[in-house]
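Reading the structure
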Amino acid sequence: MVLGAALPAGTDWRILATDISTLALQKAQRGNYTASQVEAVPLRYRRSAFSVRTGPQGEIMRIDDDLKHMILFRRLNLGRTPYPVRGVFDLVLCRNVMIYLDPQQRADAVAEFHRLLQPGGHLIVGEAENLLGVAGRFERRQPAVYRKV
Ligand SMILES: C[S@@+](CC[C@H](N)C(=O)[O-])C[C@H]1O[C@@H](n2cnc3c(N)ncnc32)[C@H](O)[C@@H]1O
């Protein structure tokens, strides 16, 4: 939603969305949310990117297909490098996942993000996380935000 609004019309962008859990991926792929789950989403996005349906459990907010088609969902174990992923990325968001990795896997994952990012690309981790001891060739721009140098 944010990229669609921020980038000039016609910009070619895609998101690769990964998780180790096929259940989590299936859920994400369905793109159905309850009203309370999308409460924190700014109203302009709620209005422009969702349609409302009524299901057995009440109202369901369904993310629009146009937006869903920009996202490729793939199962990926971040603990196993190298990742079977092609392409150069501008941004990696890895929030609240590194806690599941052991110290070596964390270091390998951060090195792998570095390899996959283009120079100047950004890695954003969870608010309570940092790359202490594994930052390598990332520079810290602000809490949880790192830039490939
Ligand atoms: C706490 S959730 C965070 C979800 C999301 N990133 C967020 O910030 O809301 C952790 C997710 O990490 C996934 N996960 C755990 N170990 C993983 C691994 N080795 N590789 C990839 N994903 C993993 C879990 O399946 C779960 O969906």
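Here, every reference points to the structure presented above.
Throughout what follows, the structure given in this document is the object of discussion.

Analysis parameters
- In this convention, every chain numbers its residues from 1, walking through the sequence in written order.
- Side-chain atom pairs in this predicted model are given and counted only at pLDDT of 80 or more, local residue features only at pLDDT of at least 70, and totals for whole chains, interfaces and linings cover all residues.
- The secondary structure listing takes helices from DSSP runs of H or I that are at least 4 residues long and strands from runs of E that are at least 2 residues long, numbered from the N terminus.
- Whether a residue is buried, exposed or partly exposed is read from the other C-beta atoms within 10 Å of its own C-beta, which are placed from the backbone; 20 or more gives buried, 12 or fewer gives exposed, and intermediate counts give partly exposed.
- Residues are scored as being in contact if the C-beta atoms we place from backbone atoms lie within 7 Å.
- Criterion used throughout: strands pair if DSSP finds at least two bridges between them.
- To define axes, lines are fitted to C-alpha atoms, for helices over the stretch in contact only, and angles between the resulting N-to-C directions are given on a 0 to 180 degree scale.
- Only buried residues count toward a nonpolar core: Ala, Val, Leu, Ile, Met, Phe, Trp, Tyr and Cys, linked into one set through C-beta atoms within 7 Å.

Some words on the overall build of the protein
Helices and strands together make up the secondary structure of the protein, namely 5 helices and 9 strands. Listing each helix as α and each strand as β along the protein from the N terminus yields α-β-α-β-α-β-β-α-β-β-α-β-β-β. Each principal axis of the C-alpha distribution contributes one length, and for the protein these read about 50 × 35 × 30 Å. In the protein, which comprises 149 residues, the share counted as buried stands at 10%. Contacts spanning at least 24 positions in sequence make up 57% of the contacts within the protein whose residues lie at least 6 apart.

Considering the sheet that holds strand 3 (residues 50-55)
Spatially, the 3 strands line up as an open sheet ordered 2-4-3, and their pairing is antiparallel. Every other strand in the sheet has two partners, leaving strand 2 (32-34) and strand 3 as the edge strands with one partner each. Each strand of the sheet is rotated relative to its neighbour by a mean of 35 degrees, with strand direction disregarded. Sheet topology places strand 2 next to strand 4 (residues 58-63); 3 bridges connect them, and they run antiparallel. Directly across from Thr 34, in strand 4, lies its bridge partner Ile 60.

Here's the deal with the nonpolar core
Of all hydrophobic cores here, the largest spans 11 residues; its members are Leu 78, Val 92, Met 98, Ala 109, Val 110, Phe 113, Leu 117, Leu 123, Val 125, Phe 138 and Tyr 146. Elements supplying a minimum of two residues to this core: helix 5 (103-116) and strand 7 (117-125). Apart from the residues within four sequence positions on either side, Leu 78 is in contact with Val 97, Leu 101 and Ala 109.

Focus: the sheet that holds strand 8 (residues 138-142)
Pairing is mixed across the open sheet formed by 4 strands, whose spatial order is 6-7-9-8. Edge positions in the sheet fall to strand 6 (89-94) and strand 8, since each has one partner strand and no second. Across this sheet, the average inter-strand angle for adjacent strands is 25 degrees, counted without regard to direction. Packing against the sheet, helix 5 makes contact with strand 6, strand 7, strand 8 and strand 9 (145-148), and its axis sits at approximately 140 degrees to strand 7.

Here's the deal with unusual backbone geometry
Cis geometry is adopted by the peptide bond preceding Pro 82, which originates at Thr 81 and carries an omega value of -5 degrees. Relative to the assigned elements, Pro 82 resides in the loop between strand 5 (71-75) and strand 6. The residue Asn 96 is not glycine, and still its phi comes out positive at about 60 degrees. Tracing the backbone shows Asn 96 in the loop between strand 6 and helix 5.

Any functional reading would require information beyond the geometric quantities listed.
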